[in-house]
Amino acid sequence: MLGGTGDWMEQSEGIVLRCATGAYDVQVGDEVLTCRLRGNLKKELVYSTSGSRPQRVNRTRRLTARKAVVVGDRVRVSFTGNREGVIEEVLPRSSSFSRLGFRGQAHTIVSNIDLLVIVFACAEPRPDLWKLDRFLVTAHLSGLEALVVANKVDLVGEDGARAAFGEHLDAGYSVVLASARTLDGVEQLRVRLAGRVSAFVGPSGAGKSSLLNALDPNLRRATQAIGGVTFKGRHTTVAAELLPFAFGGWVADTPGLRQLDLPPADRSEVRDAFPELRALDRTCRFDDCRHDSEPGCAVKELVECGRLSERRYRSFLTLAEEAHARLSAASQAQK
Ligand code: GDP
Ligand code: ZN
């Protein structure tokens, strides 16, 4: 099969697991093909990453091959034999994560993540609920579904775990109680992860690597040494990649994702990231209530009478202020 001169070629859809210079590992069914890029893709195709507008190709900007295809992209490939193929087309992205490069340009590092798995330990280390809120708001503002995993349930028991994450359970989040040690909750997690592209985030020591190994022992993730010694920098040379789960689905192993930034947003978008506050839509006296010091604020009244968590409320104020400040800074920069 030479050339692609309009001849019929067998094409299949796949997902990009890894990128190296000029070569891509693409999973097609159960096979992983080493692919190169069709020449015209290297400079011509830029996909709109907007989720709401219809996806289309902008042919206006020149791209380097490195940016044209990233880990997580769904692609159409034609087989050239011997576990090799050619990427003919990149399908529209549903989401993309970027990191700022050294000249301040955003580089997409991974696309099509559709589930953020936020792992906290019930104990050792004690869960930092403010950090959990920050991850949840970041997921919401990035258009990602979030799943909270309360790991190390073996250390505190089910009641202890429900107490530790009570505010979030009350607020309506789905929290999976799990233990990488006893495998409690692991099958439930497999069901939630199957067929999707997920990314695991959370503080160091929460048990992300241990959970990944429990979910699929073939992954063989390096976990922290007993005694809490961390391997500093163990991820510094690792590029983004997708690891396929044996039960279906993929996990993005992307060092940059561990420091997710809160995106710029206005206060009402941040409010919507708090399910218990979203439920109070339009109950304040003023439609544009900031739920801060306005009279007739339904949110503050519920906090004062103890029906909403004061800590969650203060978390909202802090994150709303921060996201709003970023929005103002971004619009200033555009002027
Ligand atoms: P990561 O930094 O989030 O990837 O955390 P690791 O997977 O490296 O785990 C940190 C430490 O917690 C290791 O010593 C693990 O053995 C331990 N650990 C992980 N999961 C559990 C669990 O479910 N129960 C208990 N008791 N310890 C766990
Ligand atoms: Zn209000």
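The structure displayed is predicted, hence computed values, not measured ones.

A. Fine view of the packing of helix H6 (residues 186–193) against helix H7 (residues 208–215). Where H6 meets H7, the axes come as close as 10 Å, and the angle between the chain directions of the two elements is 85 degrees. On the basis of the axis angle, H6 is roughly perpendicular to H7. Listed contacts from H7 to Val-186, Leu-189, Arg-190 and Leu-193 of H6 are Leu-211, Ala-214 and Leu-215.

B. Representation of the pattern of salt bridges within the structure. On inspection of all chains with the given rule, the structure shows 20 salt bridges. Taking the shortest distance from any N to any O, the salt bridge between Arg-18 and Asp-25 comes out at 2.9 Å. Three or more residues joined by partner-sharing salt bridges are found here, namely Asp-133, Glu-167, Glu-276, Arg-311 and Arg-312.

C. View of the environment of Ala-325. Positionally, Ala-325 belongs in helix H11 (residues 310–334). For the pair Ala-325 and Arg-267, spaced 58 residues apart in sequence, the C-alpha to C-alpha distance is 9.8 Å.

D. The packing of aromatic side chains, seen in detail. Counting across every chain of the model gives 3 aromatic pairs. Each ring, one from Phe-120 and one from Phe-135, has its centre 6.1 Å from the other, and the planes form 70 degrees; the classification is edge-to-face. Residue Phe-120 is located in strand S10 (residues 115–121), and its partner Phe-135 is located in helix H3 (residues 129–141); the two are separated by 15 residues in the primary sequence. Looking at Phe-135, the relative accessible area reads 12%, which means it is buried. Lying across the ring of Trp-130, Arg-311 places its NZ or CZ 4.9 Å from the centre.

E. Expanded view of the confidence of the model for the protein chain. Confidence in the prediction for the protein chain averages 85 pLDDT; 82% of positions are at 70 or higher. Scored below 50 in pLDDT, residues 44–66 shows 36 contacts in the model against residues more than four places distant or in partner chains. The low-confidence segment residues 226–237 (pLDDT under 50) makes 10 contacts with residues lying over four places distant or belonging to another chain.

F. Inspection of the sheet that holds strand S15 (residues 250–253) at higher detail. Taking strand neighbours across the sheet as the criterion, the 6 strands line up as S12-S11-S10-S13-S15-S14 in an open arrangement whose pairing is mixed. In the strand order of this sheet, the two ends are held by strand S12 (175–177) and strand S14 (241–244), each with one partner. When the angles between neighbouring strand axes are averaged without regard to direction, this sheet yields 30 degrees. One ladder, built from 3 bridges, connects strand S11 (residues 145–151) with S12; its direction is parallel. If you follow Val-148 over to S12, its bridge partner there is Val-175. Relative to the sheet, helix H4 (residues 153–164) contacts S11 and S12, its axis offset from that of S12 by approximately 135 degrees.

G. Geometry of H3. For H3, with 13 residues, the first-to-last C-alpha span of 18 Å sits near the 18 Å given by 1.5 Å per residue. Among all positions of H3, only Leu-129, Leu-132, Asp-133, Phe-135, Leu-136, Val-137, Thr-138, Ala-139 and Leu-141 are buried. At the N-terminal end of H3, a side-chain oxygen is found 3.0 Å from the backbone nitrogen of Trp-130, two or three residues along, and the residue is Asp-128. Directly beyond the C-terminal end of H3, a positive phi value near 75 degrees is found at Gly-143.

H. Layout of the coordination of the zinc ion (ligand 2). For the zinc ion (ligand 2), the full set of protein donor atoms is Cys-284 (SG), Cys-289 (SG), His-291 (ND1) and Cys-297 (SG), at a range of 2.2 to 2.4 Å. For the zinc ion (ligand 2), the 4 donor atoms in the first shell make angles of 98 to 114 degrees at the metal, a pattern classed as tetrahedral.

Definitions and cut-offs
- Residues numbered from 1 in each chain as written.
- Chains lettered and ligands numbered in written order.
- Predicted model: local features only at pLDDT ≥ 70, side-chain atom pairs only at ≥ 80, totals over all residues.
- Heavy atoms only, no water.
- Axes fitted to C-alpha atoms, helices over the stretch in contact; angles between N-to-C directions.
- Helix = DSSP H or I, 4+ residues; strand = E, 2+ residues; numbered from the N terminus.
- Parallel < 35°, antiparallel > 145°, perpendicular 65-115°, else oblique.
- Contact = heavy atoms within 4.5 Å.
- Salt bridge = Lys/Arg side-chain N within 4 Å of Asp/Glu carboxyl O.
- Phe/Tyr/Trp six-rings, centres within 6.5 Å; stacked < 30°, edge-to-face > 60°.
- Buried < 20%, exposed > 50% of the residue type's maximum accessible area, 1.4 Å probe, protein only.
- Lys NZ or Arg CZ within 6 Å of the ring centre and 35° of its normal.
- pLDDT = per-residue confidence, 0-100.
- Pairing = 2+ DSSP bridges.
- Expected span 1.5 Å × (residues − 1).
- Polar contact = N/O pair within 3.5 Å; in protein donor to acceptor, adjacent residues only side chain to side chain.
- Donors = N, O, S within 2.8 Å, 3.2 Å for Na, K, Ca; no water.
- Tetrahedral: all angles 85-135°; square planar, octahedral: opposite > 155°, others 65-115°.

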